[in-house]
Protein chains: 2
Amino acid sequence: MAPTLRDVALRAEVSLATVSRVLNGSTRVDPALASRVRTAADELGYRANLLARGLRRQRTDIVGLVVPQVANPFFAGLMQAVSRHLQQSARTVLLADAEEDLDLERQVITRLADHGVDGILCAPVSERGSAVAAAEVAARVPLVFLDRSAADVEADTASVDQRCGIALVLEHLAEVCGARPSTRLISASPVDSVARARCEAYADAVIEGLVDDAAPPLLGEFTVDWGREAVAGLIADGAPPQALVCGNDLIALGALAALGERGVRVPDDIVVTGFDDVGFATLAVPPLTTVRQPLDALAATATDLLEQRMANGGCPPRCELLRPELIIRASTAVTR
Amino acid sequence: MAPTLRDVALRAEVSLATVSRVLNGSTRVDPALASRVRTAADELGYRANLLARGLRRQRTDIVGLVVPQVANPFFAGLMQAVSRHLQQSARTVLLADAEEDLDLERQVITRLADHGVDGILCAPVSERGSAVAAAEVAARVPLVFLDRSAADVEADTASVDQRCGIALVLEHLAEVCGARPSTRLISASPVDSVARARCEAYADAVIEGLVDDAAPPLLGEFTVDWGREAVAGLIADGAPPQALVCGNDLIALGALAALGERGVRVPDDIVVTGFDDVGFATLAVPPLTTVRQPLDALAATATDLLEQRMANGGCPPRCELLRPELIIRASTAVTR
DNA sequence: TATCGTCGTGAAAAGGTTTTCTTCCTGTCG
DNA sequence: CGACAGGAAGAAAACCTTTTCACGACGATA
């Protein structure tokens, strides 16, 4: 049904090879023939079959982007940033959502490889759980970790210095609340590399005595609901700390809502911080102090790493670490 | 490099055809051969080349999903719902983001078609602007409009009854604010079909005298920033209405923030409604009264329509209209 | 003028599958 | 005991491009 190269060749009365050459501009061809080909192609509404092209060229100009959860605005933002960067290098982006599900992630990522993508950018769902799937795929296709990474997989990584981010938060808290403020961490179980890094950084800071937290961290998921739930438990137990350090903005937003419902005033009664600086952080009441991840730089770095990997596969994997930035808003604006 | 069907055939000492048959289970083959093939395939780590398969079969089992903006949580949710439904029919979903950009949308959607997707679900950026691209693609590939639609394009459509949604809102306002309350619409320019439908429904309700709104609607974009800006202007002009009817939740969230910053109390001083019921609507202060779109039903309907279209192409296009639901929260909880 | 190099074009192979068609073998029925 | 039906496996075509290779013509140089 759809016109093929052959149809164009027939109509323009040239060979298939010539049509291909005209349309791809690979070699010089007689201008007269060229224009004949072009009009023929236009008249037929010819469109190259990308499957056939990919098969022949062994290259599709597609890169896949796998995120753990589109519904998380941080990843939605990341997707957008990455898409933008890849568009510039004339590549098609294939977005894929793992929905925080290991099986689905494996399916999705191997499927991408099977479809012959030239490279994959991946923020794995779990540091350990995603490792085998990631390793398998990385053996077939250039793969770069983005934001999160998987354990024991030799691959380039572009991520943000979580330790630095946590340090920025805690130093800020020490500043506004006084030395060694009592704090509590509400975050996600350290299944993914980012959650782990944040937990560890926080734990280390506690050991170093930067803040005071005798209680164990409250670990659930990176969701609004978990933020709500954690705060509900915390308030029910009584004796809340001076500051709530939330593992990401979603948790913080949930926490703020739960505190508000219970009549606990922020920042007067308790101070709250987030992590990521998603768009809604400014809308929270009060607006959320948080750590902004350099989305654009992250995307740029990851795509750069991937481009280089696709160009010359041999070189040893590199890890790029970007510095985040503290964004101070009203949720920590105590007046002492 | 990657092992091919040929390699498997060589190792199992059978023909290519047999390997293909075993791996696809299309015909009965001798169990002994079958197991030889299977072990050979396993040992080599064989993976079918989906490009080649698609080329030969003229079918890829992929459907594309094009949304106008992933960063809009409504569409993020829609993507998730659709993905889930399509996964069940053993299809791969290709997510694509048009970033509210007509050129990009055209590129993305034609690229999907070029890649041989079996069908496309699309929420077009603009009712008129997307029409030509949509029509072109619809001529090549089964296409179903989802949520939004494009003008004068013959295609199945699964959408939500916006008129009904607006009616629910306005009736509710009349109930809580008294008959013919003074209202003002803040929404997006009627570029896309949904924005237009909401505007028209509102305008009609004004004409019918359900609410009282002499001033022209404030039309910008479906964004938080526009909500903020519109309220800023509104307050600066003085004489705000009793109720703000926002075209979607993002606008409403922006409006709530702006009102809060200016010390205008919601719902006491002014009442605010949204549309979509995105996750963050419950987190707003106060929680937002809004119209919930039946995301799951929408996804189910759209995928059904697409499946049928892909099965028997001939039948005339159908339009399915789903009913939304009013979710009443504190932003309209006036006590009179 | 003869030869070499260059440039532009067509023929054909290759890329990896699926599927039709052919062939061969076995088993059954007449 | 022979012929035919039926099932299973292999050979080859087809899907649509790109790209290598070969070929012929032309211009330039010796």
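Keep in mind the model is a prediction, meaning the values are calculated, not measured.

Draft legend 1. Inspection of the protein's contact with DNA strand C at higher detail. Taken together, 27 residues form the shell around DNA strand C, and within it A:Thr18, A:Asp30, B:Leu5, B:Tyr46 and B:Arg56 come nearest. In the model, a base nitrogen of DNA strand C is placed 3.5 Å from a nitrogen or oxygen of the B:Ala52 main chain. Of all elements in the fold, only α2 (16-24) and α4 (50-57) of chain A together with α2 (16-24) and α4 (50-57) of chain B reach the threshold of two or more residues within the surface near DNA strand C. For the surface near DNA strand C, the residue count by class is 11 nonpolar, 7 polar and 9 charged.

Draft legend 2. Just the sheet that holds strand β6 (residues 183-188) of chain B, in detail. Residue and element names in this part refer to chain B. Ordered by their spatial adjacency, 4 strands build an open sheet running β7-β6-β8-β9, and the pairing between neighbours is parallel. Of all the strands in the sheet, just β7 (218-220) and β9 (271-273) have a single pairing partner and so form its edges. Neighbour-to-neighbour, the strand axes of this sheet turn through a mean angle of 15°, independent of strand direction. Sheet analysis places β6 next to strand β8 (residues 243-246), joined by 4 bridges and oriented parallel. Bridging across to β8, arginine 184 finds its partner in leucine 244. The strands touched by helix α9 (residues 193-208) within the sheet are β6, β7 and β8, with β6 carrying the most contacts at an inclination of about 165°.

Draft legend 3. Spotlight on the protein's contact with DNA strand D. Taken together, 27 residues sit near DNA strand D, with A:Leu5, A:Tyr46, A:Arg53, B:Thr18 and B:Asp30 positioned nearest. The contact in question runs from a phosphate oxygen of DNA strand D to an N or O atom on the side chain of A:Ser20, over 2.9 Å. Elements represented by at least two residues in the surface near DNA strand D include exactly α2 and α4 of chain A together with α2 and α4 of chain B. The element that contributes the greatest number of residues to the surface near DNA strand D is α2(A), accounting for 5 residues. In terms of residue class, the surface near DNA strand D is made up of 11 nonpolar, 7 polar and 9 charged.

Draft legend 4. Region of the structure containing the interface of chain B and chain A. Between chain B and chain A, the contact holds 46 residues from the first and 46 residues from the second. The junction of chain B with chain A conceals about 3700 Å² of combined surface from both sides, 62% of it contributed by carbon and sulfur atoms. The interface formed by chain B and chain A contains 4 salt bridges. B:Arg84 is the salt-bridge partner of A:Glu99, the closest N and O atoms lying 2.9 Å from each other. Where chain B meets chain A, there are 8 residue pairs in polar contact (both at pLDDT 80 or more). Classifying every residue of the side of chain B that touches chain A by side-chain character gives 24 nonpolar, 13 polar and 9 charged.

Draft legend 5. Spatial organisation of empty space enclosed by the protein. Taken as a whole and judged by the stated rule, the model has 4 cavities of 30 Å³ or more. Within this model, the largest cavity holds a volume of roughly 160 Å³. The wall of the largest cavity is formed by 13 residues, among which A:Leu51, A:Ile62, A:His115, B:Ile62 and B:His115 lie closest to the centre. Of all the secondary structure elements, the ones that give two or more residues to the lining of the largest cavity are α4 of chain A together with α4 of chain B.

Draft legend 6. The sheet that holds strand β6 (residues 183-188) of chain A, seen in detail. Residue and element names in this part refer to chain A. Here we have 4 strands laid out as an open sheet, ordered β7-β6-β8-β9, and parallel in their pairing. In this open sheet, the two strands that pair with only one neighbour each are β7 (218-220) and β9 (271-273). On average, adjacent strands in this sheet sit at an angle of 15° to one another, irrespective of strand direction. On the sheet, helix α11 (residues 249-261) packs against β6, β8 (243-246) and β9 and is oriented at approximately 145° with respect to β8.

Draft legend 7. Up close: helix α9 (residues 193-208) of chain A. All names here are of chain A. Here α9 contains 16 residues, and its C-alpha end-to-end distance of 22 Å stays within 8% of the 22 Å for a straight helix at 1.5 Å per residue. Of all the residues in α9, the buried ones are Ser193, Val194, Ala195, Arg198, Cys199, Ala201, Tyr202 and Ala205. Lining the buried residues of α9 we find α8 (162-177), β6, β7 and β8. Between the side-chain oxygen at the start of α9 and the backbone nitrogen of valine 194 there is a gap of 3.0 Å, and the oxygen is on aspartate 192. Note on α9: the residue one or two positions beyond its end, glycine 209, has a positive phi of about 85°.

Quick notes on the rules
Residues numbered from 1 in each chain as written. Chains lettered and ligands numbered in written order. Predicted model: local features only at pLDDT ≥ 70, side-chain atom pairs only at ≥ 80, totals over all residues. Heavy atoms only, no water. Near = heavy atom within 4 Å. Polar contact = N/O pair within 3.5 Å; in protein donor to acceptor, adjacent residues only side chain to side chain. Helix = DSSP H or I, 4+ residues; strand = E, 2+ residues; numbered from the N terminus. Nonpolar A, V, L, I, M, F, W, Y, C, P; charged D, E, K, R; others polar. Pairing = 2+ DSSP bridges. Axes fitted to C-alpha atoms, helices over the stretch in contact; angles between N-to-C directions. Contact = heavy atoms within 4.5 Å. Buried area = accessible area lost by both parts, 1.4 Å probe. Salt bridge = Lys/Arg side-chain N within 4 Å of Asp/Glu carboxyl O. 1 Å grid on protein atoms, 1.4 Å probe; cavity = no way out; pocket = protein on both sides within 12 Å on 5 of 7 lines; lining within 4 Å. Points joined across faces, edges and corners; volume = space filled by probe spheres on them. Expected span 1.5 Å × (residues − 1). Buried < 20%, exposed > 50% of the residue type's maximum accessible area, 1.4 Å probe, protein only.

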